[in-house]
Amino acid sequence: MRIAVSGSHLVGKTTLVGALSVALPQFDVVPEPYHLLEEDGHAFAEMPSIEDFELQLERSLQSVHEGGNNVIFDRCALDILGYLTTHQDADVFRLTDWLPRIQQSIAALDLIVFVPIEEPDRIAVPHADAALRAEVDEVLRDVIVDDTYGLGFDVMTTEGATASRVQQVLGSGTLQQ
């Protein structure tokens, strides 16, 4: 079973990944690409460039390709697309060049768990981050929940407190197969 936890920033993805790793101790956890690249010495600007996001996309694709079974991924390629397509320089990103590899990566996942911004919002967000966060959330709802690109994957949306989200994932039909 290969699970990706997806959503905009500051929605509780990493908290959910941590709680799932406790509930599913036989699973390995792969941190989000941003953190993996930082560990490798990559320095990001406060607002990453298109090239930075493309590096994250490449790292996400690599992580899924190299990951074994029973893995929980903190983010997947679709998350990075959310940031690439909302970036101020989005017009230079060539989605058609990446889409076949993204499709292959997403096909290797058994479940994508989407963590949306909830109403009322569960997490206090600095005003400067709120607009981008909402914009990315909207794009990810289209790309992940509505499967805009027709990639055909299993997805579930979680809500509520972390413990409730964990129970929703554990109770999903995909995880019980």
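Residues numbered from 1 in each chain as written. Predicted model: local features only at pLDDT ≥ 70, side-chain atom pairs only at ≥ 80, totals over all residues. Heavy atoms only, no water.

Participant: What should I look at first to understand helix 3 (residues 50-66) in this one?
Facilitator: Note: α-helices contain 3.6 residues per turn, so residues at a spacing of three or four share the same orientation. Taking 1.5 Å of rise per residue, the 17 residues of helix 3 would be expected to cover 24 Å, and the 24 Å separating its terminal C-alpha atoms lies within 8% of that figure. Those residues of helix 3 that sit buried are Ile-50, Asp-52, Phe-53, Gln-56, Leu-57, Arg-59, Ser-60, Leu-61, Ser-63 and Val-64. (Helix = DSSP H or I, 4+ residues; strand = E, 2+ residues; numbered from the N terminus. Expected span 1.5 Å × (residues − 1). Buried < 20%, exposed > 50% of the residue type's maximum accessible area, 1.4 Å probe, protein only.)

Participant: In this structure, what is going on with the nonpolar core? I would like to understand it.
Facilitator: Soluble globular proteins tend to pack their nonpolar side chains together in the buried interior. By size, the foremost hydrophobic cluster in this structure holds 32 residues, and its most contacted members are Leu-57, Leu-78, Ile-102, Ile-106 and Ile-112. Once residues lying within four places of it in the same chain are set aside, the contact partners of Leu-57 are Ala-77, Ile-80, Leu-84, Phe-93, Trp-98 and Ile-102. Within the second largest apolar cluster, 17 residues are counted, among which are Ile-3, Val-11, Val-17 and Met-156. (Core = buried A, V, L, I, M, F, W, Y, C linked by side-chain atoms within 4.5 Å. Contact = heavy atoms within 4.5 Å.)

Participant: Explain the sheet that holds strand 3 (residues 71-74) here, please?
Facilitator: Across a sheet, paired strands are connected by hydrogen bonds in the backbone, their directions being either parallel or antiparallel. Strands sit in the order 2-3-1-4-5 across an open sheet of five strands; the sheet is parallel. The sheet terminates laterally at strand 2 (28-30) and strand 5 (155-157), the two strands that pair on one side only. Adjacent strand axes in the sheet meet at a mean angle of 20°, parallel and antiparallel pairs treated alike. Direction of pairing for strand 2 relative to strand 3: parallel, over a ladder of three bridges. Bridge pairing links Val-30 to Phe-73 in strand 3. (Pairing = 2+ DSSP bridges. Axes fitted to C-alpha atoms, helices over the stretch in contact; angles between N-to-C directions.)

Participant: Before we go on, may I ask you to explain helix 4 (residues 77-86) in this structure?
Facilitator: For helix 4, a buried count of nine out of ten residues is recorded, marking the element as mostly surrounded by other parts of the structure. Where helix 4 is concerned, the buried positions are Ala-77, Leu-78, Asp-79, Ile-80, Leu-81, Gly-82, Tyr-83, Leu-84 and Thr-86.

Participant: Explain the pattern of salt bridges to me, please; I cannot follow it from the model alone.
Facilitator: Note that side chains of opposite charge can pair when their charged atoms are close. Going through the model one piece at a time under the given rule, you end up with seven salt bridges. Salt-bridge contacts for Arg-75 lead to Glu-32; the nearest nitrogen and oxygen are separated by 3.3 Å. A residue pair is termed long-range when its members are at least 10 positions apart, and Arg-75 in the loop between strand 3 and helix 4 and Glu-32 in the loop between strand 2 and helix 2 (33-39) qualify at 43 residues. Exposure class is identical for Arg-75 and Glu-32. Each is buried. Salt-bridge contacts for Arg-165 lead to Glu-118; the nearest nitrogen and oxygen are separated by 2.6 Å. Taken together, the residues Arg-165 in helix 7 (residues 162-170) and Glu-118 in the loop between strand 4 (111-114) and helix 6 (127-145) connect sequence positions 47 residues apart. In this structure, a network of salt bridges that share partners links the residues Glu-32, Arg-75 and Asp-79. (Salt bridge = Lys/Arg side-chain N within 4 Å of Asp/Glu carboxyl O.)

Participant: Would you explain the pairing of strand 3 in this entry?
Facilitator: Residues in a regular strand point their side chains to alternate faces of the sheet. Of the two faces of strand 3, the one lined by Val-71 and Phe-73 and the one lined by Ile-72 and Asp-74 are each fully buried. Pairing of strand 1 (residues 2-6) with strand 3, which is carried by four bridges, proceeds in the parallel orientation. Paired with Ala-4 across the bridge in strand 3 is Phe-73.

Participant: Quick question: what am I supposed to make of a negative patch on the surface here?
Facilitator: On the surface, a cluster of negative charge is contributed by Glu-135, Glu-138, Asp-142 and Asp-146. Mapping Asp-142 onto the fold places it in helix 6. (Patch = residues over 30% accessible without salt bridge, like charges linked within 9 Å, V, L, I, M, F, W, Y side chains within 5 Å. Areas by Shrake-Rupley, 256 points an atom, 1.4 Å probe, with all protein chains shown as cover. Lys, Arg positive; Asp, Glu negative; His and termini not counted. Charge placed at Lys NZ, Arg CZ, Asp CG, Glu CD.)

Participant: I would appreciate a short explanation of unusual backbone geometry in the present structure.
Facilitator: Peptide bonds are mostly trans, and most non-glycine residues show a negative phi. Although it is not a glycine, Arg-75 adopts a positive phi angle of roughly 90°. A relative accessible area of 6% places Arg-75 in the buried class. One non-glycine residue, Asp-147, lies in positive phi territory at about 50°. Its place among the elements puts Asp-147 in the loop between helix 6 and strand 5.

Participant: Got a minute to help me understand the packing of helix 1 (residues 13-23) against helix 7 in this structure?
Facilitator: When two helices pack together, their arrangement is captured by the angle between the axes and the distance separating the axes. Contact pair helix 1 / helix 7: the axes reach a minimum separation of 10 Å and the direction vectors enclose 60°. With respect to helix 7, the element helix 1 is oriented oblique. Relative to helix 7, the crossing made by helix 1 is right-handed. Across the interface between the two elements, Thr-15, Leu-16, Ala-19, Leu-20 and Ala-23 of helix 1 pack against Thr-162, Arg-165, Val-166, Val-169 and Leu-170 of helix 7. Partitioned by chemical class, the residues of the contact of helix 1 with helix 7 number seven nonpolar, two polar and one charged. (Parallel < 35°, antiparallel > 145°, perpendicular 65-115°, else oblique. Left-handed = near helix turned anticlockwise from the far one by under 90°. Nonpolar A, V, L, I, M, F, W, Y, C, P; charged D, E, K, R; others polar.)

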